[in-house]
Amino acid sequence: MSSEKIGLISRYYKNYSLWSMFKAKNLSPQKLAGFTALILSGIITLGTALIDADWKIILTAFTLTFLVSYYLYLYTLQNFIYRKIKLIYKFIYQTKASKREDFFNKNILPLKTIEEVSEDVEKWASQKKEELDMLRRNEEFRKEFLLNLSHELKTPIFAVQGYIHTLLDGALDDPSVNKLFLKNATKNIDRLCRLIDDLDEISKLESGEMTINKENFTIQELIKDVFDTLSLKANTKGIKFQVKKGCEAPIHVQADKEKVRQVLINLVDNSIKYGRPDGHTVASIYVMDDKRVLVEISDDGIGMSEEHLPRVFERFYRTDRARSRDIGGTGLGLAIVKHIIEAHDQTINIRSKPEIGSTFGFTLESGE
């Protein structure tokens, strides 16, 4: 065989997309089989060329070797990969396929490429990581919740216990303290009852036992009713209620009126507790679009720093525990508010700044 023919075969062998194959980050079974078959056929062709110079024999040897080695290697490689992929998917999905499903997946459905399998494994790993992170967060929240619940229950129980023991030890016969101790014990019992009631309500809201009975009503009228209900409490601090200018025109919403009343009472009550003396609580109502109405309750009180804002709706979360307990409350009010609003498929948010005040805003379905 002439050196020109050998050089031609060598150049053909050398230029057969070798660079593109090596350049690919992940070779497919077809490319890998083709690459291997090409090497084998190239070696056999060169050996044949040295023995026999007939180009027909050389071409036949090259073609037969390439085809046989390509399909043989591809079949073996795909079966090997399929078995490994099958094990991977068994591990990922923890399922066992029937013989019919196995035949269907293997022979009817197109087999997944290595890239697709790699993507599936990455998605699975990412999902498992997210699940583990969520479990860790939930475990931390559970521990914190139990710790806070224990503390909230202990405070009134120990107070009642202390007053009763003091009365039994002789203070009952002392008219200067017996009524005072009984009043203080009653206050702590009332606080304990409120805590249990709030926990029961949150439990019902979370389990979906509490139904939402929607009706059409004017939100400004409900806000004024809440202002009237809490006016005496506001007067003790000189806090004035008002509806923001430009928001007086009646706006109708579609919601559970009594549940929304509970939301407003909680938010307005908080604005009184944490508002500054002689301050203001302002209600604003805005029509966002044809479907939603935004209601905001703002105060000019002590406010909160930014780090607390993501957690204010958590159960028992307090920005200043000692100060909050002196003011009163169970620490569950905002958690109940959030659950009620979310039960309406709506959202609630907060804006706040220390010594400037806080604004709680929630949306309701428009009743227009």
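Here the residue numbering is sequential within each chain, running from 1 through the sequence in written order. Under the rules for a predicted model, residues below a pLDDT of 70 receive no local features and side-chain atom pairs below 80 are neither given nor counted, while totals for whole chains, interfaces and linings still include all residues. Excluded from the side-chain calculation are hydrogens and water; included are all heavy atoms of the structure.

## Digging into the nonpolar core
Then step 1. Among the nonpolar cores identified, the biggest contains 45 residues, and Ile219, Val260, Leu264 and Phe362 are the most heavily contacted of them.
Then step 2. Apart from residues no more than four positions distant in its own chain, phenylalanine 362 is found in contact with Val260, Val263, Leu264, Leu267, Val293, Leu294, Val295, Ile341, Thr347 and Ile348. Buried Ala, Val, Leu, Ile, Met, Phe, Trp, Tyr and Cys residues that are joined via side-chain atoms within 4.5 Å together make up what is termed a nonpolar core. Three labels apply to residues, based on accessible area from a 1.4 Å probe with only protein chains included: buried if under 20% of the type maximum, exposed if over 50%, partly exposed otherwise in between. Contacts are assigned to residue pairs that have any heavy atoms within 4.5 Å of one another.

## Brief notes about helix α8 (residues 219–229)
Then step 1. Counting from the N terminus, the helices are DSSP H or I runs at least four residues long and the strands are E runs at least two residues long. Within the span of α8, buried status applies to Ile219, Gln220, Leu222, Ile223, Val226 and Phe227. Along α8, the residues classed as buried sweep out an arc of 160° about the axis, all on the same side. Residues of α8 that are exposed and point over 90 degrees away from its buried face: Glu221, Asp228 and Thr229. The arc in question is the one traced by the directions running from the helix axis out to the C-beta atoms.

## A few points about the packing of aromatic side chains
Then step 1. Stacked, tilted and edge-to-face are the three classes applied to pairs of Phe, Tyr and Trp rings, where Trp contributes its six-membered ring and a pair requires centres within 6.5 Å; stacked means planes under 30 degrees apart, edge-to-face means over 60, and tilted covers the rest. Overall, the coordinates contain 3 aromatic pairs when judged by the stated rule.
Then step 2. Centroid distance tyrosine 163 to phenylalanine 181: 5.3 Å. Interplanar angle 50°. Geometry classified as tilted. Pair noted here: tyrosine 163 is in helix α6 (residues 114–168) and phenylalanine 181 is in helix α7 (residues 178–207), with a separation of 18 residues, a long-range link.
Then step 3. When the centroid spacing of 6.1 Å and the interplanar angle of 80° are considered together, the rings of phenylalanine 313 and phenylalanine 360 count as edge-to-face.

## A few points about the UniProt feature "transmembrane region" (unreviewed entry) in the protein
Then step 1. UniProt positions are given in the numbering used here, feature names are shortened, and annotations may be inferred rather than shown by experiment. Mapped onto the present numbering, the UniProt feature "transmembrane region" (unreviewed entry) falls on residues 32–51 and 57–77.
Then step 2. Helix makes up 100% of residues 32–51 and strand 0%, and the two end C-alpha atoms of the span are 29 Å apart.

## Section: helix α10 (residues 257–273)
Then step 1. To estimate the expected span of a helix, subtract one from its residue number and multiply by 1.5 Å. If you check α10, its first and last C-alpha atoms are 24 Å apart, about what 17 residues at 1.5 Å a residue would give, namely 24 Å.
Then step 2. Those residues of α10 that sit buried are Lys259, Val260, Val263, Leu264, Leu267, Val268, Asp269, Asn270, Ser271, Ile272 and Lys273.
Then step 3. Among the residues of α10, the N-terminal cap falls to aspartate 256, whose side-chain oxygen and the backbone nitrogen of glutamate 258 are separated by 3.3 Å. Throughout this description, a polar contact denotes any pair of N or O atoms lying within 3.5 Å of each other; where both atoms belong to protein, one of them has to be capable of donating a hydrogen while the other can accept it, and for residues adjacent in sequence the pair is counted only when both atoms sit in side chains.

## Comments concerning the side chain of glutamate 296
Then step 1. Examined against the element boundaries, glutamate 296 turns out to sit in strand β5 (residues 292–299).
Then step 2. There is a polar contact of 2.9 Å between the side chain of glutamate 296 and the side chain of arginine 351.
Then step 3. Not counting residues up to four positions away in its chain, the partners in contact with glutamate 296 are Val282, Ala283, Ser284, Tyr286, Arg351, Thr359, Phe360 and Gly361.

## Quick word on the packing of α8 against α10
Then step 1. What counts as an axis is a line fitted to C-alpha atoms, over the stretch in contact for a helix, and the angles between N-to-C directions run from 0 to 180 degrees. Packing of α8 against α10 leaves a shortest axis separation of 10 Å and a crossing angle of 50°. In this view, α8 runs oblique relative to α10, as classed from their interaxial angle. Between α8 and α10 lies a crossing whose hand is right-handed. For the pair α8 and α10, the contacting residues are Ile219, Leu222, Ile223, Asp225, Val226 and Phe227 in the first and Lys257, Val260, Arg261, Leu264, Ile265 and Val268 in the second.
Then step 2. Charged means Asp, Glu, Lys or Arg here, nonpolar means Ala, Val, Leu, Ile, Met, Phe, Trp, Tyr, Cys or Pro, and polar covers whatever is left, Gly included. Of the residues assigned to the contact of α8 with α10, the class counts are 9 nonpolar, no polar and 3 charged. Here is the rule for angles: anything less than 35 degrees is roughly parallel, anything more than 145 is roughly antiparallel, 65 through 115 is roughly perpendicular, and the remaining ranges are oblique. Each helix crossing is assigned a hand: it is left-handed if the near helix lies turned anticlockwise from the far helix by less than a right angle, otherwise right-handed if that turn is clockwise.

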